[in-house]
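Architecture at a glance
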Amino acid sequence: MEFIAGTNFSGRSAALMARLRKQAPAFFIGPHAEAALSGLSSTVADEIEIYRAPKPDREAFAPLDFAAYAERRPPTLSGGEQVLLAVHCFSLSDYAAIGIDTALEQLDPDNRHRAISYLTHAESQGISATLADNRLDRPPGMTVHEVTSTSAEFACDLTAAALLPACQPMAIKVQGLSFRYPGGRDIFRNAGVKLESGHAYRLIGVNGAGKTTFCKLLAGVLAADAGAIELDGKPYAPWRTGNRAFAFATQNPDHQWCGATLGEDVTRRRGVLERQGIKVPPDETLAALAARLGVRSMEQHLYELPLVARKRLSWLWAFSGVMPWIMLDEPTLGQDRTTRDALADAIARLSGSGYGVVFITHDDDFAARIAHRPLRISDRLIS
Amino acid sequence: MTPNGAVAFALLVIVSALLARDPVGLLVILTATSCFALASRRPVWSALVWSCGIVLPLVLFMTLVWIIIVGRAPHEIAANVEGSRSAASFYVTIICLRLFIIAFTVQATFLHFAGWTPLRFIGALALPRVAKKLLVLTLSLIDTILQAVDRARTALIGAGLITRQRSWRNLRHGWILVQTVWLTVITIVLGRTRDKWPVEDTLARLEGSLAARATARLSATDFGWMALAIATGVAGLR
């Protein structure tokens, strides 16, 4: 197995793609779902069938019971489940080469270990695997290709980020929460949890447990089937009244833009927030914060940014101090060690200033840098 | 029954419904379609409800316009005669019954293949490879739009621009949702066509997968259903 080492913006992704193009046709799993799945199938069963070789001649990678997912639409799977499905499809195919660009960072520790072991052993079956991953540091047994070019174009400096005045505490209480996706299994059943501001909470659970779903319920993206949420002792139903408590940085940064450019995104959010009486920092302050996150122009087209830069920019509203609660879904995806460490320190500063933080990560080293309370999601409960 | 036979039956019924001249002929065709739906041995209730849901807005609109407001049938207006509301009712009944039969026939066809995935169904159709690929790509685009709607809603609800449930805010910012959806569709499609598909040669793989699913063009059962469709069509013309 080959490992492409380097920092962010060193050209790792380009190097990985160049390697795959030489080996084409080769299976590719990109950092986010659009580049992990074929996009040609309406169901998980079809996704598997598109890639299945007439006579599969290698061991199948099946960490999940994909038969139970057969009728699901692939985009409705969680980020980690999509990556597992992609590796499963590869294992049934006759591709001789696979390239994975940081996608394994989305997997929980067990599944990540399984996937890396599978790819390592697959070499003995004549398969060439190339990996870019921020959490592997010169892994033993892998041929390392160091990519050393550097670019300061999107360099970020988080040392001065999240230095905010103290936030007024705002506690959250969730009671009797039940939720299931249409036609799916129960994600939560009568779950409850109390979250106190000024603390960081880490959501833990296997891929597909419901971590992102919990964040979406708090932000009002999803509506609970039953249960109640209280914000500072008052009923809070964000699915009806709108989100006014959580700055939500989604796992895929492209799930949170409200405009084509940064300026458009800021203007639209400002309008709606100010109408609700929420104080928003002036444009100059937000522009300065965006510059610290690596984007130096408000006219910057969001979708033209590299994915890593988009991910960093997705922390803008979390670090702006607009909302009392901050939710970060897999904030370290695609980020190199230096950025991860700086991000962890910034989150610690936020919770120290009285902000409530809910974050999801499978990166134990990152989580260890933040004083936090773990919240485990399993068996449809939060404990 | 093969997918080819089901599609042929559906097309024949749709043509028959369009050519039928009176409600009796349409009821004969509807009876044949109902038998076709029942032959799937699956619950037909949801298919009926779905078809009624499709036709209901048309029924309301045509009742308002032709029966209540105009009060005459189109052929009466063309002939410049006084006309009557009963003639207008007759006209509305035929048009709505036609649409109901078309909607129900499509649903009945899906009932026969309820356990099939879209890829399996398209793969089994006796169509040129290019046509099958186009069908899959069309479904893929529909799925991409659905995915984009989901993504855009997540973004706008998370930012507080819209709410999950009905609100004035949604009306005010609905255009932003539409803009975000299309921007997202373009981004997703570009992402796939730039990296994933070229390096994997995914479309060639799809072609192989579709070819592997080719089945018999038509079975004896198919011919039976097609004959019934033709017979009811002829009955409807009388």
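Predicted model only: the values in this text are computed from it and were never measured.

Thoughts on the pairing of strand β13 (residues 356–360) of chain A
All names here are of chain A.
- Of all 5 residues in β13, 5 are buried; the element is thus mostly enclosed.
- Neither face of β13 is left uncovered, since the one carrying Gly356, Val358 and Ile360 and the one carrying Val357 and Phe359 both have all their residues buried.
- Bridging between strand β8 (residues 200–204) and β13 involves 4 bridges; their strand directions are parallel. Residue pairing in the sheet places Arg202 in a bridge with Phe359 of β13.

Description of the sheet that holds strand β10 (residues 234–235) of chain A
Residues and elements named next belong to chain A.
- With antiparallel pairing, 4 strands are arranged side by side in an open sheet as β7-β6-β9-β10. The open sheet terminates on both sides in strands that have one partner only, identified here as β7 (186–195) and β10.
- Sheet analysis places strand β6 (residues 172–180) next to strand β9 (residues 226–231), joined by 5 bridges and oriented antiparallel. Across the sheet, the residue bridging to Ser178 is Ala226, located in β9.

A few points about the interface of chain B and chain A
- Listed by partner, the interface residues are 39 residues for chain B and 48 residues for chain A.
- Broken down by secondary-structure element, the contributors of at least two residues to the side of chain B that touches chain A are α6 (118–124), α7 (129–158), α8 (168–200) and α9 (202–211) of chain B.

Brief notes about the packing of helix α1 (residues 3–19) of chain B against helix α2 (residues 23–38) of chain B
All names here are of chain B.
- α2 packs onto α1 with a crossing angle of 165 degrees between their chain directions and a minimal axis gap of 10 Å. Here α2 runs roughly antiparallel to α1, going by the angle between their axes. Crossing of α1 over α2 shows left-handed handedness. Side by side, α1 and α2 meet where Phe9, Val13, Ser16 and Ala17 of the first sit next to Leu26, Ile29, Ala32, Thr33 and Phe36 of the second.
- Split into classes, the residues belonging to the contact of α1 with α2 amount to 7 nonpolar, 2 polar and no charged.

Here we look at the sheet that holds β13(A)
Residues and elements named next belong to chain A.
- On the basis of which strands lie adjacent, the open sheet formed by 6 strands has the order β11-β12-β13-β8-β14-β15 and mixed pairing. The open sheet has two free edges, formed respectively by β11 (246–249) and β15 (381–382), since each of these has just one partner strand.
- Taken together, the 4 bridges between β11 and strand β12 (residues 325–329) define a ladder with parallel strand orientation. Looking across to β12, one finds that Phe248 is bridged to Met327.

A short note on the domain arrangement of chain B
- In terms of domains, chain B is made up of domain 1 (3–117 + 216–237) and domain 2 (127–211).
- With centres defined by C-alpha atoms, the gap from domain 1 of chain B to domain 2 of chain B works out at 32 Å.

So, the confidence of the model for chain B
- The predicted model of chain B has a mean per-residue pLDDT of 92, with 100% of residues at 70 or higher.
- Of the two predicted TM-score estimates for the complex, the pTM is 0.88 and the ipTM is 0.93.

What counts and what doesn't
- Residues numbered from 1 in each chain as written.
- Chains lettered and ligands numbered in written order.
- Predicted model: local features only at pLDDT ≥ 70, side-chain atom pairs only at ≥ 80, totals over all residues.
- Buried ≥ 20, exposed ≤ 12 C-beta atoms within 10 Å, placed from the backbone.
- Helix = DSSP H or I, 4+ residues; strand = E, 2+ residues; numbered from the N terminus.
- Pairing = 2+ DSSP bridges.
- Contact = placed C-beta atoms within 7 Å.
- Axes fitted to C-alpha atoms, helices over the stretch in contact; angles between N-to-C directions.
- Parallel < 35°, antiparallel > 145°, perpendicular 65-115°, else oblique.
- Left-handed = near helix turned anticlockwise from the far one by under 90°.
- Nonpolar A, V, L, I, M, F, W, Y, C, P; charged D, E, K, R; others polar.
- Domains from an automatic or database assignment.
- pLDDT = per-residue confidence, 0-100.

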